Amino acid sequence: MGTETNAWLRYAPLDASSVKKYARLPSHFEALENSLVADSARKELIQGISRMLGRSLQPGSGREDVFILGTLPEVHKLIPELKLPNLEADGYWLKAAQIRRRNFFVIAGVNDRGMLYGVFALLSKIAREQEVLHIDELEQPYGPLRWINQWDNLNGRIERGYGGPSIFFADGKVRDDLTRAGQYARLLASLGINGCTINNVNADPRVFRSDFIPQIKRIADVFRPWGVQVSLSADLSAPKALGDLDTFDPLDPKVAEWWKKKVDEIYGEIPDFGGFTVKADSEGQPGPSTYGRTQADAANLIARALKPHGGVVFYRAFVYNHHLDWRNLKNDRAKAAYDNFHPLDGQFDDNVIIQIKNGPIDFQVREPASPLFAGLHHTNEAIELQITQEYTGQQRQLCFLVPMWKEALDFDMRLDDQHTPVKALVAGRVFHRPTGGFAGVANVGMDLSWLGNSLAMANLYGFGRLAWNPDLSAESIIEEWTRLTFGNDPQVVQTIDDMQLRSWHIYENYTGPLGVGTLTNITGNHYDPAPESAERNGWGQWIRADHEGIGMDRTIATGTGFIGQYPPAVQKIYEPLSSCPDELLLFFHHVPYTYVLHSGKTVIQHFYDSHFEGAEQAAQLAEQWKNLHGRIDQGRYSEILAMLEYQAGEAIVWRDAICNWIYQLSGIADQKGRVGVQARQ
Ligand code: GCV
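A quick note: this is a predicted structure, and the numbers were derived from the prediction, not measured. Numbering of residues starts from 1 in each chain and follows the order in which that chain's sequence is written. Where local features are concerned, this predicted model is filtered to residues with pLDDT of at least 70; where side-chain atom pairs are given and counted, the filter is 80 or more; whole-chain, interface and lining totals use all residues. Each side-chain value is derived from all of the structure's non-hydrogen atoms; neither hydrogens nor water enter the calculation.

**Student:** What should I look at first to understand the overall build of the protein chain in this one?
**Tutor:** Secondary structure follows DSSP: runs of H or I at least 4 residues long count as helices, runs of E at least 2 residues long count as strands, and numbering of each begins at the N terminus. Helix and strand counts for the protein chain stand at 21 helices and 18 strands. For a compact globule the rule gives 2.2 Å times the number of residues to the power 0.38, and the radius of gyration it is set against comes from C-alpha atoms. The C-alpha radius of gyration computed for the protein chain amounts to 26 Å, which stays within 12% of the reference 26 Å derived for 681 residues, consistent with globular compactness. Summarising its shape, the C-alpha atoms of the protein chain cover approximately 80 × 65 × 50 Å along the three principal directions. The classification of residues rests on relative accessible area computed with a 1.4 Å probe and restricted to protein chains. Under 20% of the type maximum is buried, over 50% is exposed, and intermediate values are partly exposed. In the protein chain, buried positions account for 63% of the 681 residues. Two residues qualify as a contact provided that any one of their heavy atoms is within 4.5 Å of a heavy atom in the partner residue. The long-range share in the protein chain, meaning contacts at least 24 apart out of those at least 6 apart in sequence, stands at 72%. In this tally Asp and Glu are treated as negative and Lys and Arg as positive; neither His nor the chain ends contributes. Where a charge lies is defined by one atom per residue type: Lys uses NZ, Arg uses CZ, Asp uses CG and Glu uses CD. Considering the protein chain, the positive charge centre built from 67 side chains and the negative charge centre built from 83 side chains are found 4 Å apart.

Structural data, given as structure tokens:
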């Protein structure tokens, strides 16, 4: 297996002094649990210790110092002296203890999955040279569901995927060789991810064909040893599209019967199948509106088929009309999720989870948190974050998204004027929901580095870590990732951490500052600068830039009223210009170019300055990287240097395109003489 496919699970050999630090770790192991997942845990422990410390663990015979691998009750049976902790499903306990003159290193899970997570956690600590000899650590996930979505098409291409072809599908069927799928499941398990939807949400109904389900089973078989449940994106029109019925009306009993039979058939092949992810009535996907039914009718239809098997439905809130009339200043795509789902609160079955994108538009470089998070009190919810960098440089530019995701997760909705962060809402903690959690759109591909370049993998790692514990800081997440991926050389760690942590703001600076949106080509590749593509069409990603001013007026007083979807305490922040933060100003307000920001600059000057600053910062990234020459392997060094040098060039392209566009519109030159009349003198 190449180093790169191992990503953060490289288990690179530690140097002699570090190996010495771990000399007192047990030389034997006892595995108490027998299952596929438990086998993976045991093998991973043996492999990790062998590769990092050069020691080969042996099965214990009852007398030696040992690693004990088991579930909590099994550990208790063996070592009744240990008082067992209370933990939620998938949680684990790492405990070093001397009992009856024997050293035990306990890796105990609530279930076998927890045990596997405990092994990965221990190996991560060793790889990062952390102290473990006296460990007593309890960990449990913040929320029950931590899923990955892949937008893979059956022909092997991936929608918004920048890491090569699908690891699951080729030429209309499941690949013969699923080695990469198994490796992917191992990476996901190391983060505590417990489900993966393997096909595009713009779903192909053929996945439900009876000759296709055994193919899906082959993927489930390679995922199972890692505790990752396979799930499918479902096309709601499947009963009709496959030619079985003449309708897909969610309230037609024939349709309910079709789904019941289909789901039973799937569980017959895949007993641990996870459930469905659904995109309906959105961007051309079929949905219940065809029959005048609600999203709740559709969600419950398939939820009821899944319920007896323990399956769930992630039903996406990304339902909107992409033929909006741009001339109507009251129209606003940002309002769609709340308008569609808030009125249905309480009507969804308990195994339905409403999957809400972090922002109200569509993964732009900066958006406020979606108000829908605070608008569902009797319904399960999950946050959808996009790991694949669709609008943020498509893995050809560095953009570490964890700081952005943290802003959404930590955003305080102030429900009833109480502290109500989004993370607590999605995990079901605020309204004591039975389930909820996190979904990340990853779109890894066959590329050896999975996402197209190895630095981008920090986003997959970061998503997983936040899904496990959203209280972790961006700083601690990137430090973990860098050490695991590039080793513990302090200069390497410090440099890469710094580059990653600054990268989102840098990208925002030279693309779309002040909450204006990404200003990219929204009707084409979502990559190049093309701000005009957002205006005067039905997609609703309007900037509303004219000769006088810029920004969407979403106020309650004079605009679309979107701000009214937030709880009152949040409205009070965004509605008045005096308290609206600069970085979201143009998302919420339409202002003249000469409007003075809290920073003291005018909007137009901020545009010029941020674009020039962003381009300079992007150039510095490449220079920073050059300091690592000789400190990391030549392969990754050169690959990343090439990317950063390209990015520096792209930043100039963006800078000039956006500065010229806004100058043409506003007629106001840059005070510093870089754009406009003064620049030409
Ligand atoms: C899968 C954006 C993307 C689409 C994607 C859609 C979605 O609009 O550009 O490719 O479709 O989001 O999240 O459903």
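More follows now that the structure is in view.
**Student:** How do you make sense of the pattern of salt bridges when you look at a structure like this?
**Tutor:** Between side chains of opposite charge, pairing is possible as soon as their charged atoms come close. Whenever Lys or Arg places a side-chain nitrogen within 4 Å of a carboxyl oxygen from Asp or Glu, that contact is recorded as a salt bridge. Under the defined criterion, the tally for this structure stands at 46 salt bridges. Where Glu-81 meets Arg-100, a salt bridge forms, and the shortest distance between an N and an O atom there is 2.7 Å. Linking Glu-81 in the loop between α4 (72–78) and β4 (92–99) with Arg-100 in the loop between β4 and β5 (102–109), this pair joins segments that are 19 residues apart in sequence. For Arg-100, a relative accessible area of 52% gives the class exposed. Where Asp-252 meets Lys-254, a salt bridge forms, and the shortest distance between an N and an O atom there is 3.3 Å. Taking relative accessible area as the criterion, Lys-254 reaches 46% and is therefore assigned partly exposed. Among the charged side chains, a salt-bridge network with shared partners connects Lys-601, Asp-609, Asp-670, Lys-672 and Arg-674.

**Student:** I tried to follow the site of the ligand on my own but got confused; where do I start?
**Tutor:** In the neighbourhood of the ligand, 14 residues make up the surrounding shell, with Glu-159, Lys-279, Arg-316, Lys-357 and Glu-390 lying closest. At 2.7 Å, a side-chain N or O of Lys-279 approaches an oxygen atom of the ligand. Within the side chain of Asp-362, a nitrogen or oxygen atom sits 2.8 Å from an oxygen atom of the ligand. Isolated, the ligand exposes 340 Å² of accessible area, and the fraction of that covered by the protein chains is 97%. Residues are grouped as follows: Ala, Val, Leu, Ile, Met, Phe, Trp, Tyr, Cys and Pro are nonpolar; Asp, Glu, Lys and Arg are charged; every other residue, Gly included, is polar. Each residue belonging to the shell around the ligand can be placed in one class, and the counts come to three nonpolar, three polar and eight charged. Residues are classed as near a molecule or strand on a simple rule: at least one heavy atom within 4 Å of it. By the criterion applied in these results, polar contacts are pairs of N or O atoms within 3.5 Å in which, for protein atoms, one can donate a hydrogen and the other can accept it, and in which residues neighboring in sequence qualify only through two side-chain atoms. The protein chains shown are the only cover counted for residues, whose accessible areas, like all others here, come from Shrake-Rupley with a 1.4 Å probe.

Worth remembering: the numbers are spatial, not functional.
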